[in-house]
Amino acid sequence: MTLQQEIVGNAMQMAVVNLSPGQTVYCEAGKFLFKTANVTMETRLSGPSGGGGQQQGGSGGMGGLLRQAMGTAMQAGQRMLAGESLAFQYFTAQGGEGTVGFAGVLPGEMRALELDGTRAWFAEKDAFVAAESSVEFGIAFAGGRTGMSGGEGFILEKFTGHGTVIIAGAGNFIDLNPADFGGRIEVDTGCVVAFEEGIEYGVQRVGGLNRQGIMNAVFGGEGLSLAALEGNGRVILQSLTIEGLANALKKAQGGDKQGPTGGLFSTHAG
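Residues numbered from 1 in each chain as written. Predicted model: local features only at pLDDT ≥ 70, side-chain atom pairs only at ≥ 80, totals over all residues. Heavy atoms only, no water.

Novice: Is there a simple way to think about the pattern of salt bridges in this case?
Specialist: Pairs can form between side chains of opposite charge whenever their charged atoms are close. What the rule picks out here adds up to seven salt bridges. A salt bridge links R119 to E196; the nearest nitrogen and oxygen atoms lie 3.0 Å apart. Placement of R119 in the loop between β8 (110–116) and β9 (121–124) and of E196 in strand β15 (residues 192–196) is noted, with a sequence separation of 77 residues between them. For E230, the salt bridge identified is with R184, shortest N-O distance 3.2 Å. Of this pair, E230 sits in strand β17 (residues 225–230) while R184 sits in strand β14 (residues 184–187); the two residues are 46 residues apart in sequence, bridging distant segments of the chain. Given a relative accessible area of 34%, E230 falls into the partly exposed group. The class for R184 is partly exposed, based on a relative accessible area of 31%. Put simply, R111, D175 and R234 are held in one network by salt bridges that share partners. (Salt bridge = Lys/Arg side-chain N within 4 Å of Asp/Glu carboxyl O. Helix = DSSP H or I, 4+ residues; strand = E, 2+ residues; numbered from the N terminus. Buried < 20%, exposed > 50% of the residue type's maximum accessible area, 1.4 Å probe, protein only.)

Novice: What's the story with the sheet that holds strand β1 (residues 4–8) in this structure? I'm lost.
Specialist: Sheet strands associate in pairs through backbone hydrogen bonding, adopting either a parallel or an antiparallel arrangement. Taking strand neighbours across the sheet as the criterion, the four strands line up as β1-β2-β7-β4 in an open arrangement whose pairing is antiparallel. Edge positions in the sheet fall to β1 and β4 (32–35), since each has one partner strand and no second. For this sheet the average axis-to-axis angle between neighbouring strands, irrespective of direction, equals 20°. Where β1 meets strand β2 (residues 14–19), five bridges bridge the pair, whose relative direction is antiparallel. In the strand pairing of β2, I7 is matched with A15. (Pairing = 2+ DSSP bridges. Axes fitted to C-alpha atoms, helices over the stretch in contact; angles between N-to-C directions.)

Novice: Please clarify how the nonpolar core should be interpreted in this entry.
Specialist: Here is a general trend for soluble globular proteins: nonpolar side chains tend to be buried in one another's company. The biggest cluster of nonpolar side chains holds 21 residues, and the ones touching the most others in it are Y26, F128, F159, V165 and I167. Looking at this core, the elements with two or more residues in it are β6 (88–93), β8, β9, β10 (128–132), β11 (135–141), β12 (155–168) and β15. In terms of residue count, the dominant contributor to this core is β12 (four residues). Apart from the residues lying within four places of it in its own chain, the contact partners of I167 are E109, M110, R111, L113, A127, V129, F159, V193, A194 and I236. Counting 16 residues, the second-largest nonpolar core is a separate cluster that includes V17, A93, V100 and A168. (Core = buried A, V, L, I, M, F, W, Y, C linked by side-chain atoms within 4.5 Å. Contact = heavy atoms within 4.5 Å.)

Novice: Help me understand the side chain of E109, please; the structure alone is not making it clear to me.
Specialist: You can see E109 is positioned in the loop between β7 (98–103) and β8. Put simply, E109 is tucked away with no salt bridge, and the nearest opposite charge, on R111, sits 4.3 Å away. At a separation of 3.4 Å, a polar atom in the side chain of E109 contacts the side chain of N172. In this structure, E109 is in contact with Q13, I167, A168, G169, G171, N172 and F173, ignoring residues within four places of it in sequence. (Lys, Arg positive; Asp, Glu negative; His and termini not counted. Polar contact = N/O pair within 3.5 Å; in protein donor to acceptor, adjacent residues only side chain to side chain.)

Novice: Can you help me understand helix α4 (residues 242–252) in this one?
Specialist: The distance from a side-chain oxygen at the start of α4 to the backbone nitrogen of G244 is 2.9 Å, and the residue carrying that oxygen is T241. The first or second residue beyond α4 is G254, which carries a positive phi of 75°.

Novice: It is not clear to me how unusual backbone geometry should be interpreted in this structure. Could you clarify?
Specialist: Trans is the common state for peptide bonds, and a negative phi is the common state for residues other than glycine. In this structure, D126 is a non-glycine residue whose phi angle is positive, near 80°. Considering the arrangement of structural elements, one finds D126 in the loop between β9 and β10.

Novice: Can you walk me through the environment of G244 in this structure?
Specialist: Its location among the elements puts G244 in helix α4. Judged by its relative accessible area of 34%, G244 is partly exposed. In this structure, the C-alpha to C-alpha distance between G244 and G190, residues 54 residues apart in sequence, is 8.9 Å.

In structure tokens form, the structure reads like this:
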């Protein structure tokens, strides 16, 4: 069953989802805005991949219940490690059609992605807003040294299955395919919102350990790393980075500690 949704607004968009009777949508805690009275709300630690989309029966006895509890604990632990919300909120329309509203937490765009079961989607943490219960939410790790060196991108959200998933970012979105640009694009690590399975994602040093490389890192505003995306598939970038927004707010409040430099000496929010 296709999720009927409409993304409305400009600078701060929101998604208005129309649910058919019995249809369920779930969101990360903190992304819910409003609902009609006939839509029930339930908060659970488990995601759809752990039976969160539908309550599982008691088959399997104590062993089945123990496996389900351990699976839920592992999911919650992964999300906590990733800095995500521990719980999901589930909304189900009862006795007729219902409406639910969701939004991200930063001024910017939202996007509805349609999964057909052939390709997964990966997104930066905090990009997830809501999805059908047929879409499975997971945590993916980009790899030890690669992810850690980039600061961002080490931990990714992963969406599989069939149905609609709604994501949000900061500023405006631009859709690119690295295949249209020689097979590779390099971007600020904070600009990546989401990309399709099949895209290789890594983090590389900005320049070498020479005079120009040091100038790029100290004064260029990018620090020591860039994200590299290779392959043939959709990539969604955002025009505003969280670090850039945080630094702009600090500067406006007279608390900017950067002086004339960016990059290596910039103050990272958090």
